[in-house]
Each structure stands twice: as structure tokens, then as C-alpha cells.
Amino acid sequence: MRFGLLAFPLALFVVNAAGAAAEKAPPPYTLTEVWTPIPPVVATPVGSVPSDAIVLFDGTDLDAWEPVQPNGHPWRIEDGAMVVIPTPAPARPCDQQTKRAFGDIQLHAEFRTPAVVKGNGQDRGNSGVFFMGLYELQILDSTNNPTYVNGQSGSVYKEHAPLVDASRGPGEWQVYDAIFIAPRFSADGKLLSPARITAFQNGVLVQFNVALTGPTPNGPTYNLPKLPPYEAHAAKLPLLLQDHRTPVSFRNIWVRELNLPDTKS
Ligand code: MG
């Protein structure tokens, strides 16, 4: 009986200690919750651009741009659009490039091929967005306009045909939203990782994380029998818009510089 009286408070202590331990232990589901680091806030106001975007053309001026050729001319602004002034052959086309250089970016660019349809194949509504001035996401009036599929609208020129043809017709505004990851080179110029592009045309996926074999052929490399290989270059280079002798229009161009966790060199 005396033994039993002692055992009762001891039993209470054991029960309380077990209860306290149970209170301190985190619920299992919290073990999979991550609270830091807190992602930075990017405001996304309706009808405007993300707060961390670098606006390259908002319809008012060409201050962010310059002709690639030193003696080249700027394009013109018409009704809030930046319009290619086509350079007649055989003079060298007058591409425009950003004054600022970029590496990995998210791009938004709206474009419109001419409403008046002229020419066929690559000579109809041709322009292009050249990431780093070297890697082209093609712009072409692809409506009822057969051409090689790795050169149609939405292609990474001569490297990757688009997954689907999401083109709108001539004279209609279209949208490219794209992710470009720059190639990485070692200090001695060897390719560590290729350039990559993911792109949406008018909200439809046309390129998914495709790896580029090198620069897309253009200018002096256009007539090569095979695609040009990589040559080591700077980590950041200007974005370029192509004069392909067609009055293609652009508006609402912005980029966001990316610093993705798995692409840091
Ligand atoms: Mg082009």
C-alpha cells in the first residue's frame, strides 16, 4: 500500500514529461516548410510592366537602341511602334541593338509583320530577335507562306523548328515571351554549357529549353554549308532586332535580367 502511494505521483510525472515532449516536437508537416530566403517582391500592375523590368521600348523614343553599324540609321517611330526602315539590297541591312548588354533574360516583345503581303518564303515579313546579337528567335510572316520549318515564325533560326505554328496573320500584333540562357565558356574559351531558349508565341509554347548548337547563321556566316560553331564571347552582349529589308513593327519591349539558381556560372 505504501509502495502504491509513491507510485501514483511518479506516474503523473512520467505522463506530464511525455506531454511536454510532445508539445515541443514540431508537427511533421512543418519539417517540409521552407521560410527563408524570402523571394523579392516584383509588382505586376495591370496594364504595365513588372517592376523589375528594363523597358527597351515603350512607344515614345529609341533611346535604348543604336544602329549596329557605326554609320547606320535609326528606325522610325510610327503610332507608338518601332518600325524597321528596310535597307534595299545590296546595301548591308541596318539592324538595331540595345546600348545595354544582357546575359540571361526574360524577354517580352510585341511585333507585327506588314499588312500588305509582299514576297515569299524568307522575303516576307522577316525580322528577328537576336539574343546577345547572335542567337535568333525568328520573326516571319508564316501565314500561307511555305519555307523551311526551321526558318519559319517561332523557330530558332536553322536550329529548331517551333513545336507548333502559333502565328497570327499579317498586320496583326503578336507577342513573344521568351527565356534566354546565355552560353557559358571556360576561361580558356571552351564551351561549358550551350545557350538555351524557351519561347511562347502569342501565349503558346513554341520552344522548350532547346540547346543551341552555336550562333544562328546570319551576315557573314549565312552562306556557310553548315551551322557556325560557338566562339567564346562576353557574358553579356546587346540584344539585337533584325532589319531583313521588311518593315516589321515592334512595340512594348522589355526584359528582366535573370539570376537563376541552377544557371550561375
Ligand atoms: Mg529573321
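Values in this document were obtained by computation on a predicted structure and should not be read as measured data.

Definitions and cut-offs
- Each chain has its residues counted from 1, following the order in which its sequence is written.
- Per-residue local features of the predicted model are confined to residues with pLDDT of at least 70, and side-chain atom pairs are confined, for both listing and counting, to 80 or more; whole-chain, interface and lining totals are unaffected and use all residues.
- In computing side-chain values, all of the structure's heavy atoms are included and hydrogens and water are not.
- Here a strand pair is declared whenever DSSP counts at least two bridges between the two strands.
- Helix and strand labels come from DSSP, where a helix needs a run of H or I of at least four residues and a strand needs a run of E of at least two; each type is numbered from the N terminus.
- Here an angle of 0 to 180 degrees is reported between the N-to-C directions of two axes, which are lines fitted to C-alpha atoms, with helices fitted over the stretch in contact.
- Here a cavity means grid points, on a 1 Å grid over the protein atoms only, where a 1.4 Å probe fits yet cannot get out; a pocket means an open set of points with protein on both sides within 12 Å along at least five of seven lines; lining residues are those with an atom within 4 Å of a point.
- Grid points are joined across faces, edges and corners, and a volume is the space filled by probe spheres set on the points.
- Here the nonpolar group is Ala, Val, Leu, Ile, Met, Phe, Trp, Tyr, Cys and Pro; Asp, Glu, Lys and Arg are the charged ones; every other residue, Gly included, is treated as polar.

Bringing the sheet that holds strand β7 (residues 127–131) into the picture now. Ordered in space as β2-β5-β14-β7-β8, the five strands form an open sheet in which the pairing is antiparallel. The sheet terminates laterally at β2 (65–67) and β8 (135–139), the two strands that pair on one side only. Pairwise comparison of adjacent strand axes, ignoring direction, gives a mean angle of 30 degrees for this sheet. When β2 meets strand β5 (residues 96–102), the two strands line up antiparallel, connected through three bridges. Its bridge partner lying in β5, W65 is registered against T98.

Taken as a whole, this structure holds one cavity of 30 Å³ or more when the rule is applied. Roughly 30 Å³ of internal volume is contained in the largest cavity. Lining the largest cavity, in full, are F102, G103, I105, F131, M132, F180, L237, P238 and L239. Of the residues forming the lining of the largest cavity, the biggest block, three residues, is contributed by strand β14 (residues 237–241). Considered class by class, the residues forming the lining of the largest cavity number eight nonpolar, one polar and no charged.

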